[in-house]
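Each chain is listed here by its residues.
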Amino acid sequence: MTRLFSTETFDTACRIEVQQSSDHFHAHVDLEGDVEIQPGDQVLVHGDPIMVAFGESVVLHRHATVKRAGVLRRAWTRFAGHFEMAELYEVSFTPGRI
């Protein structure tokens, strides 16, 4: 019963890669170890905001706090995710009406 609402929290090191160019615009966080993130889990990366100028890329090493979701939050996140995905199906890139 306690797993329904309780959450596990732990700290881990992470690697952050940020790139901003005409070909790539992304930010990736890789957690050290065998940490698997599941629906409803939260990851908080500690440190100052990262600013990257156009045409540059940065790789940083920081600490992150991972907060595991309880059983109810995990189930709710999976359920609600199906509706969020359905919104993507309604997007059309055609130039006009069919």
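Colleague: Help me understand the overall build of the protein in this model?
Modeller: Check the secondary structure of the protein and you find two helices and four strands. By residue count, 16% of the 98 residues in the protein fall in the buried class. A fraction of 66% describes how many contacts in the protein between residues 6 or more apart in sequence connect residues 24 or more apart. Entry remark: accessible area of the protein is about 8000 Å², with carbon and sulfur atoms responsible for 57%.

Colleague: Looking at this structure, I do not really get the confidence of the model for the protein. What am I missing?
Modeller: Atomic detail in the predicted coordinates should be set aside for any region of low pLDDT. In this model, the protein carries an average pLDDT of 85, and 80% of its residues clear a pLDDT of 70 or more. Within the protein, strand β4 (residues 56–67) carries the highest mean pLDDT (95), whereas helix α1 (residues 2–5) carries the lowest (61).

Colleague: Would you take a moment to explain the packing of aromatic side chains for this structure?
Modeller: The geometry of an aromatic ring pair comes down to the distance between the two centres and the angle between the two planes. According to the stated counting rule, one finds one aromatic pair in the structure shown. Taken together, a centroid distance of 5.6 Å and an interplanar angle of 40 degrees make the contact between Trp 76 and Phe 79 tilted. Separated by three residues within a single helix, Trp 76 and Phe 79 lie in helix α2 (residues 71–89), roughly one turn from each other.

Colleague: Looking at this structure, I do not really get the sheet that holds strand β2 (residues 25–31). What am I missing?
Modeller: Pairing within the open sheet is antiparallel, and its four strands lie in the order β2-β1-β4-β3. Every other strand in the sheet has two partners, leaving β2 and β3 (42–45) as the edge strands with one partner each. When strand polarity is set aside, the average angle formed by the axes of neighbouring strands in this sheet is 35 degrees.

Colleague: Is there a simple way to explain the pairing of β2 in this structure?
Modeller: When a strand is regular, its side chains alternate between the sheet's two faces. Pairing analysis gives seven bridges linking strand β1 (residues 9–20) to β2, with the strands arranged antiparallel. Bridged to Gln 20 within β2 is Phe 25. In this antiparallel pair of consecutive strands, β1 and β2, the connection spans four residues.

Colleague: I would appreciate a short explanation of the pairing of β1 in the present structure.
Modeller: As paired strands, β1 and β4 are joined by twelve bridges and run antiparallel to one another. Residue Cys 14 lies in a different strand from β4, and its bridge partner there is Arg 62.

About the thresholds
- Residues numbered from 1 in each chain as written.
- Predicted model: local features only at pLDDT ≥ 70, side-chain atom pairs only at ≥ 80, totals over all residues.
- Heavy atoms only, no water.
- Helix = DSSP H or I, 4+ residues; strand = E, 2+ residues; numbered from the N terminus.
- Buried < 20%, exposed > 50% of the residue type's maximum accessible area, 1.4 Å probe, protein only.
- Contact = heavy atoms within 4.5 Å.
- Areas by Shrake-Rupley, 256 points an atom, 1.4 Å probe, with all protein chains shown as cover.
- pLDDT = per-residue confidence, 0-100.
- Phe/Tyr/Trp six-rings, centres within 6.5 Å; stacked < 30°, edge-to-face > 60°.
- Pairing = 2+ DSSP bridges.
- Axes fitted to C-alpha atoms, helices over the stretch in contact; angles between N-to-C directions.

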